[in-house]
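# Analysis of the macromolecular model
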Amino acid sequence: MRRLPPCVVSLLLLLSAATVHAQPVAGPAKAKASTPEIPFESVSNFFKLPAGTYMGEGVGVATNSKGHVFVYTRSGETRLFEFDQNGAFVKEFGVGSYGFSFAHAVRVDKDDNVWAVDEGTNVIQKFSPDGKLLMVLGKRPDPLEQLTLMPGGGQYSGANKPYSFHRETDIGWDPQGNIFVTDGYGDSRVVKYDRNGVFIKSVGTRGNGTLQFSTPHAMAVDAKGNVYVADRGNNRIVVLDNDLNQKAVYDTVGSPWAVCITNTPHQYLFSSNSFPTGNNFDQAPMTGEVYKMELDGTVLGRFGKAGHGFKEFSSIHQMECRTPDELYVAEITAWRVQKIKLRPTTSTASSK
Amino acid sequence: MKKALLLLFALGVAVRGQSIPELTYDTNADMIQLPAFGEVAGVATNSKGHLFVYARTGHGVATLGDERTFYHNGSRIFQFDQNGRFVKEIGQGVYAVNFAQQIRIDPQDNVWIVDAGSNQVVKFDADGRFQLVLGRKPENIGVRPGPGVPASGGMPAEAAAGGRGGEGGRGAPGGGAGGRGAPGAGLNGDAFSRPSDVAWDRAGNIYVADGFGTNNRIAKFTKDGDFLKTWGHTGSGPGEFNQIRGLASDAAGNLYAADAGNKRVQVFDGEGTFKSQITAVGTPQAICVSGGATQYLYASNSNEPESMDRGEIYKVKLTGEVVGRFGRAGKLPKQFGMVNSIDCRTENDLWVGEVWNWRAQRVTLKR
């Protein structure tokens, strides 16, 4: 074998790393110079796809005994088209099949059955001429067994960038229109922007001290511009002033998954000690209720408990409370939103 | 002593399989045409004879460029009438419809799916509307460090373990680690790990076979979905499991669990008390209990993906006595390829769903 110059070798390595198909061309074919050229034509626009249907990479082609042409293409989805001998579109095989993900070859056997070889799913499908599935060779791997190879959930990084978030959780506004964002799982902070989206400041690192958070999961801003942060992992609501200085901590209402503040002259704060989503029913007796509070942290009352039924709460993730007596709660594990009407109690009535 | 000898004798013939009668049967492999081809994981009929198919079709999708790479799509639910004509699809785009495992119809004709990708059980009414959701899909698949962070850093232990750290972060769902001590016992709740089947008793209590992942238990819920109890963990003794692949109940409320890895069907009462086991049926995977005055258990000794051995289906009296067997593994009509589901509303008219052959066959047993 001829020794290759080093640059060609490194190119070879590069290419072999990038793709297993492509082979670098070292020079013209030996027979090229001594072989006469054969004249030929190409039929232009032979295949007529229906409007709105497009070819992708042309990967497989085969004909049957009638001259019909089968085209196997890698497009948005891998697809198998049939055209007649004049190039008119006839039909598509196996729309939405489990066995089409990355086309490799199509062949037609002596009985005009159509065989599609798919290198993505590791499956070969045998179709009858009319598109019925006759046989499957190979088995698509169990996707769950491959999940550990996938990238997945963003973790805490504490990157604290002015203009990018890491699994941010909530947003609120003060009366001047300044924007507050709790951010979130991948950071542990509260970010303030002006009404035009210009970064002003951010506070917070991960932890349980002053101006520290463990998954700031929700937020509400009162009419004075104070920010109430649901510091879920620390089982507390942290109150910040408008410049994000820490003012107070309310730690008697469980783990706040969701908070909201009413849009009424006398504002109330609601906080949900949600049933956690780990599906551990041992935690159901300790969680699930929603607290009604004064903005100063005074607890006025509570309602609800964990459960699947109506009037029970199955992991409340967000609450809306425009008025004190009518709330909407969105639940993760029951796949629903409930509309809640609170009947006024003596204590809440007197505090009005 | 005589009893023990008899038992030994029974086991001996079961292992040789020679004196188990071959049942005559016929199939129709062409009765339904799937609107989208794929592995038929679940088949079930309702009281009108309509057939519901839960199939793995298209692809599970993981979105690129997200912090939350999660599992969507991957399976579909199709309904056919008693003549095999396609009626409609239900559950289009539903969050839990990812990796079809089983479908069952309860006595009120509600449609229940068991999904081993989302780890969920979802109940639809006969018109395809949500009735109940059990379990929760993992928020993300796999793990990776955040941008610019080494793989070892950042993740606090409490979040990594799940718990209250976040509604995400539960890397490996279920498992004995957060459970009740014994490996595979799972949590007191509906944190399923590749659940495989669902069954009910007369009161409507729900039993979930959980499953063929890290849990090896059966979880019981009220008809409203509230947790009642769980039993079982990983092992080979009575009440222990090694991959539960199927679950069925009889009219008396007994439960039959296809304990595949231990090559037996375990029988429990509705409180989880072990009653007996059936061991002469190979590696039971799909199982069902027939309707009718005299109920029978069918259990499929399904082939493995790399083999064309086995594949026969056993017909068993509820006392455990094997009545007969039929079929074998293969790709032709009348043969069975990785049967994952059997519907046996009546004793002699069955549907089988095949993962290998991507089809549902109507099976008629001859008397």
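Quick summary incoming for the structure in this document. Fair warning: this is a prediction, and the values are worked out from it, not measured in the lab. (Residues numbered from 1 in each chain as written. Chains lettered and ligands numbered in written order. Predicted model: local features only at pLDDT ≥ 70, side-chain atom pairs only at ≥ 80, totals over all residues. Heavy atoms only, no water.)

## Thoughts on the sheet that holds strand β22 (residues 299–303) of chain A
Residues and elements named next belong to chain A. One open sheet holds the four strands; their spatial order is β19-β20-β21-β22, and the pairing between them is antiparallel. Each edge of the open sheet is held by one strand with a lone partner, namely β19 (256–261) and β22. Here the average twist between neighbouring strands, direction ignored, is 20°. Here four bridges tie strand β21 (residues 290–294) to β22, and the two strands are oriented antiparallel to one another. Residue pairing for β22: Met-293 is matched across the bridge by Val-299. (Pairing = 2+ DSSP bridges. Helix = DSSP H or I, 4+ residues; strand = E, 2+ residues; numbered from the N terminus. Axes fitted to C-alpha atoms, helices over the stretch in contact; angles between N-to-C directions.)

## As for the side chain of Ser118(B)
Structurally, the position occupied by Ser118(B) is in the loop between β9 (111–115) and β10 (120–124). Those residues in contact with Ser118(B) that sit more than four places away from it in its chain are Ala96(B), Asn98(B), Arg136(B), Lys137(B) and Pro138(B). (Contact = heavy atoms within 4.5 Å.)

## Considering the interface of chain B and chain A
Each partner contributes to the interface: chain B provides 68 residues, whereas chain A provides 63 residues. Taken together, the two surfaces of chain B and chain A that pack against each other cover about 5100 Å², and 54% of this comes from carbon and sulfur. Linking chain B to chain A there are four salt bridges. The partner of Asp142(A) in a salt bridge is Arg194(B), with the nearest N and O atoms 2.8 Å apart. Where chain B packs against chain A, one counts 16 residue pairs in polar contact (both at pLDDT 80 or more). (Buried area = accessible area lost by both parts, 1.4 Å probe. Salt bridge = Lys/Arg side-chain N within 4 Å of Asp/Glu carboxyl O. Polar contact = N/O pair within 3.5 Å; in protein donor to acceptor, adjacent residues only side chain to side chain.)

## Comments concerning unusual backbone geometry
Look at the link from Asp183(A) to Gly184(A): it is a cis peptide, with omega at -5°. Take Gly184(A): it is sitting in the loop between β10 (179–183) and β11 (189–193). For the bond running from Asp210(B) to Gly211(B), omega is 5°, close enough to zero to count as cis. Position of Gly211(B) relative to the elements: it lies in the loop between β13 (206–210) and β14 (217–221). Backbone geometry places Asn122(A), a non-glycine residue, at a positive phi of 60°. With respect to the helices and strands, the residue Asn122(A) is situated in the loop between β6 (114–118) and β7 (123–127). Of note in this structure, Asn73(B) is not a glycine but carries a positive phi near 60°. With respect to the helices and strands, Asn73(B) occurs in the loop between β5 (71–72) and β6 (75–80).

## So, the state of the cysteines
Enumeration over the complete set of coordinates arrives at two disulfides over all chains. There is a disulfide in this structure between Cys260(A) and Cys321(A), and the S-S distance comes to 2.2 Å. Between Cys260(A) and Cys321(A), the disulfide has an S-S torsion of 135° and is therefore right-handed. With a gap of 61 residues between them, Cys260(A) in strand β19 and Cys321(A) in strand β23 (residues 316–323) connect regions that are remote in the sequence. Accessibility expressed as a relative area gives 5% for Cys260(A), which makes it buried. Assessed through its relative accessible area of 1%, Cys321(A) is described here as buried. Shown here is the disulfide that connects Cys288(B) with Cys344(B), its sulfur atoms set 2.2 Å apart. Here the S-S torsion is close to 135°, and the disulfide linking Cys288(B) with Cys344(B) is therefore right-handed. Of this pair, Cys288(B) sits in strand β20 (residues 287–289) while Cys344(B) is found in the loop between β24 (339–343) and β25 (349–354), placing the two residues 56 residues apart along the sequence. (Disulfide = S-S within 2.5 Å. Buried < 20%, exposed > 50% of the residue type's maximum accessible area, 1.4 Å probe, protein only.)

## Concerning the pairing of β6(A)
Residue and element names in this part refer to chain A. Of the two faces of β6, only one is covered, namely that formed by Val-114, Ala-116 and Asp-118; the face formed by Trp-115 and Val-117 stays uncovered. Sheet topology note: the strand β5 (residues 103–108)/β6 ladder contains five bridges and is antiparallel. By the bridge assignment for β6, Val-106 is matched with Ala-116. Between β5 and β6, which pair antiparallel and follow one another directly, the connecting turn spans five residues, one of which, Asp-112, has a positive phi of 70°. Pairing of β6 with β7 involves five bridges; the strand directions are antiparallel. Bridge pairing in β7 places Trp-115 opposite Lys-126. The turn linking β6 back onto β7 is made up of four residues, and Asn-122 within it adopts a positive phi angle of 60°.

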